[in-house]
Amino acid sequence: MKVCKRCRKKEADVILSAVRFCDSCFIEYFERQVQRAIDGEKLGVRMFSRDVRILMAVSGGKDSMTLWNVLDDLGYETCGLHIDLGIDEYSEASRAVVESFAASKNLDLIVVDLRKEFGKSLMELAVRDACSACGLVKRYLMNKVAYEEGFSVLATGHTLDDECATLLGNLTRWNLEFLQRQHPILESTHPKLVRKVKPLFRISDEETAVYARIKQLDFVREKCPLASGATSLSYKKALNELERRHPGLKKAFYLGFLKNKALFGEQEGFELKECEACGMPTANVGLCAFCKLLERSKRRHGEGEQN
Ligand code: SF4
Ligand code: ZN
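Nothing here was measured: the structure is a model prediction, and the numbers come from that model. (Residues numbered from 1 in each chain as written. Chains lettered and ligands numbered in written order. Predicted model: local features only at pLDDT ≥ 70, side-chain atom pairs only at ≥ 80, totals over all residues. Heavy atoms only, no water.)

A.B. asks: Just checking my understanding: could you explain the environment of Asp-84 for this structure?
C.D. replies: Note on placement: Asp-84 falls in strand E4 (residues 78–84). Asp-84 sits in the buried class, given a relative accessible area of 5%. Not counting the four nearest positions on each side in its chain, Asp-84 is found in contact with Ser-91, Arg-95, Val-111, Val-112, Asp-113, Leu-114 and Arg-115. (Helix = DSSP H or I, 4+ residues; strand = E, 2+ residues; numbered from the N terminus. Buried < 20%, exposed > 50% of the residue type's maximum accessible area, 1.4 Å probe, protein only. Contact = heavy atoms within 4.5 Å.)

What follows is the structure, encoded as structure tokens:
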């Protein structure tokens, strides 16, 4: 029998590349990793303190549901934010998961329904690549809601695997600007830009799956029908293969990056402007990327002319 390497008594139910725990020790380990991230270990700055109310972005997927549950169990006050993208049954199932979790734990939840608010589903907004339009829409709406509802911090369920895949992508393309910006804490650089944090950056996808199983969390298991086999998936696959051969590699890769980030230089400060239509911050002159997407979609569907 393989025993838990922590309590050295119970049988190890959880055997992952870098850890071997019984269920209860795994949960303790998991919560400690999240707490270390929140406390800013190796980051030099805390993500948030106990007296701050956190806006938690929840898609209904495994990682965001895990983070929402762990933040609640750790005693943080959270409000969920779900964006209903209008992707047929997939969005219906995602929204149902989020709503029922919020109701079962008596947690506040804000739902933004793209079709109700803007008269368009994601498919009607996207020109070519649904996933890049989706990223843009989510980033814009998450920040807008956080700002308008008075939150000072927005948490997302990005994991160690997400961060490693992004890092590998940025490195292979030598995208210095993105390398300078990549961090588990994205500070506000404009009064209308809310601080964003990723408390799962020390936790792998495999570990969130184990956490969700032990805690019996419900999450959307179906794949989004618009998923385009993004490059990040092949990076994740390659990194998993390396992790299998060299346990602990992903953590060493990402934490090493954070330690040596200065090698890539400082991000040049540039002044953000405000969108002429919605007033939200943008690097563009005139309309922000979200308002441009809306305008383009209206023109494509023959609605109203721009003057
Ligand atoms: Fe959005 Fe693409 Fe993810 Fe679907 S697969 S939810 S379109 S990012
Ligand atoms: Zn705008």
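A.B. asks: Teacher, can you tell me more about the packing of helix H7 (residues 160–172) against helix H11 (residues 249–260) here?
C.D. replies: Two packed helices can be described by the angle between their axes and the distance between those axes. H11 packs onto H7 with a crossing angle of 65 degrees between their chain directions and a minimal axis gap of 10 Å. H7 and H11 meet at a crossing whose hand is left-handed. Across the interface between the two elements, Leu-160, Asp-161, Glu-163, Cys-164, Leu-167, Leu-168 and Leu-171 of H7 pack against Lys-250, Lys-251, Phe-253, Tyr-254 and Phe-257 of H11. When its residues are assigned to classes, the contact of H7 with H11 shows eight nonpolar, no polar and four charged. (Axes fitted to C-alpha atoms, helices over the stretch in contact; angles between N-to-C directions. Left-handed = near helix turned anticlockwise from the far one by under 90°. Nonpolar A, V, L, I, M, F, W, Y, C, P; charged D, E, K, R; others polar.)

A.B. asks: Can you walk me through H11 in this structure?
C.D. replies: In an α-helix, one turn spans 3.6 residues, which is why side chains three or four residues apart end up on the same side. The end-to-end C-alpha distance of H11, which contains 12 residues, comes to 16 Å, matching closely the 16 Å that a straight helix rising 1.5 Å per residue would cover. For H11, every residue scored as buried is listed here: Lys-250, Tyr-254, Leu-255, Phe-257 and Leu-258. When H11 is viewed along its axis, its buried side chains cluster within an angular range of 150 degrees and face the same direction. Summarising the geometry of H11, the exposed residues directed more than 90 degrees from the buried face are Ala-252 and Lys-259. Residues of H11 that are buried make contact with H7, helix H8 (176–181) and helix H10 (231–245). (Expected span 1.5 Å × (residues − 1). Arc of directions from axis to C-beta.)

A.B. asks: Honestly, the coordination of the zinc ion (ligand 2) in this entry has me stumped. Any pointers?
C.D. replies: Under perfect tetrahedral coordination by four donors, a metal shows angles of 109.5 degrees; under perfect octahedral coordination by six donors, it shows angles of 90 or 180 degrees. Each protein donor to the zinc ion (ligand 2) is listed here as Cys-275 (SG), Cys-278 (SG), Cys-288 (SG) and Cys-291 (SG); together their distances run 2.2 to 2.3 Å. If you look at the zinc ion (ligand 2), its four donor atoms make angles of 105 to 113 degrees with each other, and the shape they trace is tetrahedral. Read in sequence order, the donor residues for the zinc ion (ligand 2) give the motif C-x2-C-x9-C-x2-C. Highlighted residues: Cys-278 in the loop between strand E9 (273–274) and strand E10 (281–282) and Cys-288 in the loop between E10 and helix H12 (289–300), separated in sequence by 10 residues. (Donors = N, O, S within 2.8 Å, 3.2 Å for Na, K, Ca; no water. Tetrahedral: all angles 85-135°; square planar, octahedral: opposite > 155°, others 65-115°.)

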